[in-house]
Structure formats: structure tokens, C-alpha cells
Amino acid sequence: MTGSTPRLDPQRAERVLAHIDPDEVVAFLQALVRIPSVNPPGDVRAAIDHCRATLSAAGFGIEVVAAEEDKPNLLARLDAGAGPVLLWNAHVDVVPTGEESAWTYPPFGAEIHDGRIYGRGAGDDKASVTAQVMAALALARSGVPLRGTLIVNVVADEEVGGAKGAQLIANSDTVRPDFVIVGEQTRNRVCVGEKGAQGTRVTVYGRAAHGALPWEGANAIEGMARVIVALQEQLWPELARRTHPYFHPSSACISMIEGGVKTNVVPDRCTIHIDRRIVPGETPAGVVDEIRRVAEAAIAPLPGLRVEVEPAGWGGREAIVAPEDSPLVQAMLAANRHLGFDTTLTGFSMATDGRHFVARGYPTIIYGPGDPALAHKPDEWVGIDEVLDATRAYALAGLIILGAA
Ligand SMILES: [Zn+2]
């Protein structure tokens with residue numbers, strides 16, 4: 001296939017779309033949401049079984065890869081001989097429900113209200129799993145001539161980093177996709193990449209003393225207050241100006257603070273954690289350095305205090321962006337165009353399993369139903385229309401990439 005002008009035969013497209021059964025899509029997603037595959041502990045056996053049974057019945061070749069017994073990953077293959085290998089990835093583990101009293105509808109009820117399916121994981125990420133599985137069924141059932149291989153890869157472990165899920169699959173030598181589409185909530189827009197991240201720890205060190213004699217000590221918490229204000233006044237506005245056409249601006253969140261040992265002791269240490277999300281052009285080392293410069297300047301005039309700034313926790317990677325003219329981006333765009341959907345390219349603010357495939361050099365984009373702002377919250381929901389639309393778009397992108405002449 002050529003990069004700039006993907007071909008989509010309208011008759012074949014209609015044939016594939018005619019094999020999507022909306023009732024089947026809804027029933028599949030409801031059944032999947034009713035399986036509480038909460039991570040931690042991340043036992044996804046029943047959820048993977050649900051996908052395996054459906055794809056196996058449709059003639060897909062089944063392989064299950066597991067680093068741990070309760071964390072299986074599914075590779076369901078539709079093999080059409082020589083040609084490109086297209087892999088669709090999405091995860092079935094879900095985050096905990098939180099306080100169940102905060103939910104209007106039961107988190108594992110998959111109840112339908114006003115055209116929405118409610119439940120933990122309805123959007124993140126079982127709607128994407130459903131769209132991929134159902135699109136794969138439509139391609140297989142339609143009988144349109146295909147070449148190459150479609151792999152439906154449903155994984156565990158995404159919500160805790162993916163080492164036993166997508167990373168395991170991406171690192172496997174038996175899976176060598178030419179194209180990867182990761183299903184996450186992009187509201188069915190073509191998402192060409194994701195932000196980078198760099199966790200950063202800032203620690204102010206002072207000197208302990210009796211709380212009644214504060215002049216004998218150096219107060220690390222009060223020093224940290226100066227650091228925080230300096231970051232807010234000097235650095236955060238600058239980050240808001242670092243914009244990019246596909247992404248929200250560069251961002252920082254002071255996500256944790258710790259300091260002090262007792263009510264009557266001058267604290268000798270205070271630590272904050274900063275969750276920095278970075279746009280193309282920024283580097284993990286660079287963003288730690290600029291926090292350090294601001295923090296050191298804020299602390300310098302204060303006697304008895306010093307500050308240390310270091311990378312910590314999660315992150316250490318640059319933003320990822322797929323080239324706009326890549327065959328994968330163009331195929332997904334052509335599917336959206338054919339269906340009359342939004343063709344504005346976008347980027348993902350959160351991390352996705354896509355980074356594991358990108359790390360191995362596989363061309364990767366993100367596409368799926370649902371709104372990321374609803375994820376990980378009470379009353380998570382996904383619109384049934386969105387799930388059906390995503391199923392159609394996946395099926396057509398598959399047809400464009402795998403359709404035989
Ligand atoms: Zn997700």
C-alpha cells in the first residue's frame with residue numbers, strides 16, 4: 001500500500017460494515033464490563049476467556065501468553081497469508097471502583113441509560129476491546145479478500161505499567177507487527193502519539209530544633225513553600241506556553257508532599273513529587289534541570305537550607321509522535337473520512353501501552369471510543385454510538401491495510 005492515498009473499495013467497505021451487528025456489540029461489551037477485572041490484583045482470566053471464546057468461534061488462531069497465571073494476554077490471529085501484519089491492542093484490566101457509594105449505577109452492572117453503558121472499564125478500556133474484537137469478526141465474516149495477518153491482542157496489566165501485558169507482547173520475537181493500533185479513549189479521533197513524562201522529586205533539607213526555639217533551626221517546610229511559589233510563578237506559566245498542535249500544553253502537577261516529624265519540632269526535611277508531562281521538544285533530563293534551577297534560586301537566599309532535585313518514580317521518556325504521512329495514520333484517517341467522522345489529528349495526554357510497541361520500533365497510533373476525562377472516576381460510561389462507530393472505523397482501517405487487490 002502507498003502512504004498518501006489509501007484505497008478503500010466502497011462495495012467491500014459496505015460488505016464489511018454489514019457484518020457488524022449492533023446488538024452483538026452491546027451484549028459483548030456488557031458481558032465484559034460485568035467481569036470485575038480490577039487491577040490490583042489484575043486477574044483478567046475471565047475477561048480474556050470472554051474474548052478468546054468469541055474469536056476462537058469465528059475461526060481465529062488462538063495463542064495465550066502469560067508471565068503469571070492470572071495475567072494472560074490473548075493473541076488471536078486471522079491469517080490471510082503473505083502481507084502486512086496489523087496488530088490491534090487494548091487492555092481488559094480496570095482500575096478499582098473507589099467508594100461504591102459515589103456511583104449512581106453499580107460499577108459492574110453495565111446498565112444502559114440514555115444510550116450509555118455505565119461501569120468501571122466501560123470506556124477504559126473495554127469499549128476499545130469490544131470495538132477491536134467486533135471489527136475483527138466483521139472482517140472475518142464478510143469474506144472480503146484479505147492478505148497478511150490481523151492480530152487481536154487483548155492484554156492484562158496496563159493499569160500498572162504493562163510489564164506483564166503489552167510490554168511482554170511487544171518484546172516477544174514471535175509478534176512482529178508492521179502496524180499497531182492501540183485502543184484507548186480518543187473519542188474516535190486519530191491519535192498520532194502520546195506525551196512523555198518525567199517524575200521529579202524535590203527535597204529541601206534544613207536543620208531540626210525545638211519548635212519553641214525556631215530561630216535555632218532551619219525550617220524545611222517553609223523553604224519548600226518558597227520553592228512551590230517560585231515554580232508556580234516562574235515555571236508553570238512557561239509550561240502553559242509550550243504548546244503543540246496535537247497535544248495539551250506541557251504540564252506539571254505537584255502530586256505529593258511530605259515533611260515534618262512532630263508538632264513541636266522544626267522540620268529538617270520536606271519532599272514534593274512533581275508529575276511532569278512533556279510535549280515534543282522537551283527532554284526528561286531538561287525538565288529536571290529547569291526545576292532544579294528554579295528551586296535552587298528560591299532556596300539560595302535562605303540560610304541553613306539546601307535543595308536537591310532528582311528524577312524519581314514514573315516516566316523518563318520523551319513524547320511520541322507518528323509521522324502524519326505514515327501509511328498507518330493515513331489508513332485510519334481514510335476510515336474516519338469514509339464514515340464522516342472527525343479527521344483532526346490529535347495526541348494522548350496519558351501514557352498508553354503504545355509506548356511499549358514504539359520502543360520496539362513498531363509504527364503505532366491510538367484510536368478508540370470514549371472520553372479519557374471519564375476514565376478512573378465514578379459513573380464511568382461510554383456511548384453506545386461511539387462504540388459502534390469505533391467498530392466501523394477499526395473494520396475499515398483493517399480493510400484498507402489488509403485488503404487484497
Ligand atoms: Zn486504558
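All values derive from a computational prediction rather than experimental measurement.

Visitor: What's the story with helix α6 (residues 220–241) in this structure? I'm lost.
Guide: Helical geometry: 3.6 residues make up each α-helical turn, so side chains three or four residues apart lie on a common side. Its 22 residues give α6 an end-to-end C-alpha distance of 31 Å, which sits within 8% of 32 Å, the value for a rise of 1.5 Å per residue. At L235, α6 is deflected by roughly 35°, the largest bend along its length, and proline P237 occurs up to four residues later in sequence. Those residues of α6 that are buried are in contact with β9 (196–205), β10 (251–259), β11 (269–278), α7 (284–299) and β12 (306–317).

Visitor: Just checking my understanding: could you explain the nonpolar core for this structure?
Guide: Here is a general trend for soluble globular proteins: nonpolar side chains tend to be buried in one another's company. In this structure, A136, L139, V152, M332, I365 and A397 are the most contacted members of the largest nonpolar core, which totals 117 residues. Counting residues per element, this core draws most heavily on helix α4 (residues 122–142), at twelve residues. Counting only domains with at least three residues in this core, you end up with domain 1 (10–194 + 319–402) and domain 2 (196–317). When residues no more than four places from it in sequence are discounted, the contact partners of M332 are I181, V190, I365, Y367 and A397.

Visitor: Help me understand the packing of helix α8 (residues 327–339) against helix α10 (residues 384–402), please; the structure alone is not making it clear to me.
Guide: Two elements in contact, α8 and α10, have axes separated by 8 Å at closest approach and are oriented at 125°. Taken together, the axes of α8 and α10 lie oblique to each other. Crossing handedness for the pair α8 and α10: right-handed. Within the contact between the two elements, α8 uses A331, M332, A334, A335, N336, H338 and L339 and α10 uses D389, R392, A393, L396, A397, I400 and I401.

Visitor: Explain the sheet that holds β9 to me, please; I cannot follow it from the model alone.
Guide: Working definition: the strands of a sheet are paired by backbone hydrogen bonds and lie parallel or antiparallel to each other. With antiparallel pairing, four strands are arranged side by side in an open sheet as β10-β11-β9-β12. Edge positions in the sheet fall to β10 and β12, since each of these pairs with one other strand and no more. Each adjacent strand pair in this sheet contributes to an overall mean axis angle of 20°, direction not counted. By the bridge criterion, eight bridges tie β9 to β12 in an arrangement that is antiparallel. For V204, the partnering residue across the bridge sits in β12 and is V307. Against the sheet, α6 contacts β9, β10, β11 and β12, and its axis sits at roughly 175° relative to β10. Where α7 meets the sheet, it contacts β9, β11 and β12, and its direction lies at approximately 160° from that of β12.

Visitor: Sorry if this is basic, but what is going on with the packing of helix α2 (residues 22–33) against α10 here?
Guide: To describe two helices that pack against each other, one gives the angle between their axes and the distance between the axes. Packing of α2 against α10 leaves a shortest axis separation of 10 Å and a crossing angle of 110°. Between α2 and α10, the crossing angle belongs to the class labelled roughly perpendicular. By crossing handedness, the relation of α2 to α10 is classed as right-handed. Contacts between α2 and α10 involve P22, V25, V26 and L29 from the first element and I384, V387, L388 and T391 from the second.

Visitor: What am I meant to see in the sheet that holds strand β5 (residues 116–118) here?
Guide: Strand order in the open sheet formed by three strands is β4-β5-β16, and the pairing between neighbours is antiparallel. Single-partner strands in this sheet number two, and they are β4 (112–113) and β16 (381–383). Bridging between β5 and β16 involves three bridges; their strand directions are antiparallel. Within β16, the position partnered with Y118 by the bridge is W381. Against the sheet, α4 touches β5 and β16, its axis set at about 40° to β16. Where α10 meets the sheet, it contacts β5 and β16, and its direction lies at approximately 65° from that of β16.

Visitor: Just checking my understanding: could you explain unusual backbone geometry for this structure?
Guide: Outside of glycine, negative phi angles account for most residues, and trans bonds account for most peptide bonds. The step from P40 to P41 runs through a cis peptide bond, and the omega angle for that step is 5°. Residue placement: P41 occurs in the loop between α2 and α3 (45–57). Cis geometry marks the peptide bond from D124 to D125, where omega comes out at 15°. Structurally, D125 can be placed in helix α4. Backbone geometry at D157 places phi at a positive 75°, although glycine is not the residue there. Tracing the sequence through the fold places D157 in the loop between β6 (148–155) and α5 (166–171). We classify D157 as buried; it has 24 C-beta atoms within 10 Å. For N188, which is not a glycine, the phi torsion comes out positive at approximately 60°.

About the criteria used
Residues numbered from 1 in each chain as written. Predicted model: local features only at pLDDT ≥ 70, side-chain atom pairs only at ≥ 80, totals over all residues. Helix = DSSP H or I, 4+ residues; strand = E, 2+ residues; numbered from the N terminus. Expected span 1.5 Å × (residues − 1). Bend = angle between axes of the 7 residues up to and from the residue. Contact = placed C-beta atoms within 7 Å. Core = buried A, V, L, I, M, F, W, Y, C linked by C-beta atoms within 7 Å. Buried ≥ 20, exposed ≤ 12 C-beta atoms within 10 Å, placed from the backbone. Domains from an automatic or database assignment. Axes fitted to C-alpha atoms, helices over the stretch in contact; angles between N-to-C directions. Parallel < 35°, antiparallel > 145°, perpendicular 65-115°, else oblique. Left-handed = near helix turned anticlockwise from the far one by under 90°. Pairing = 2+ DSSP bridges.

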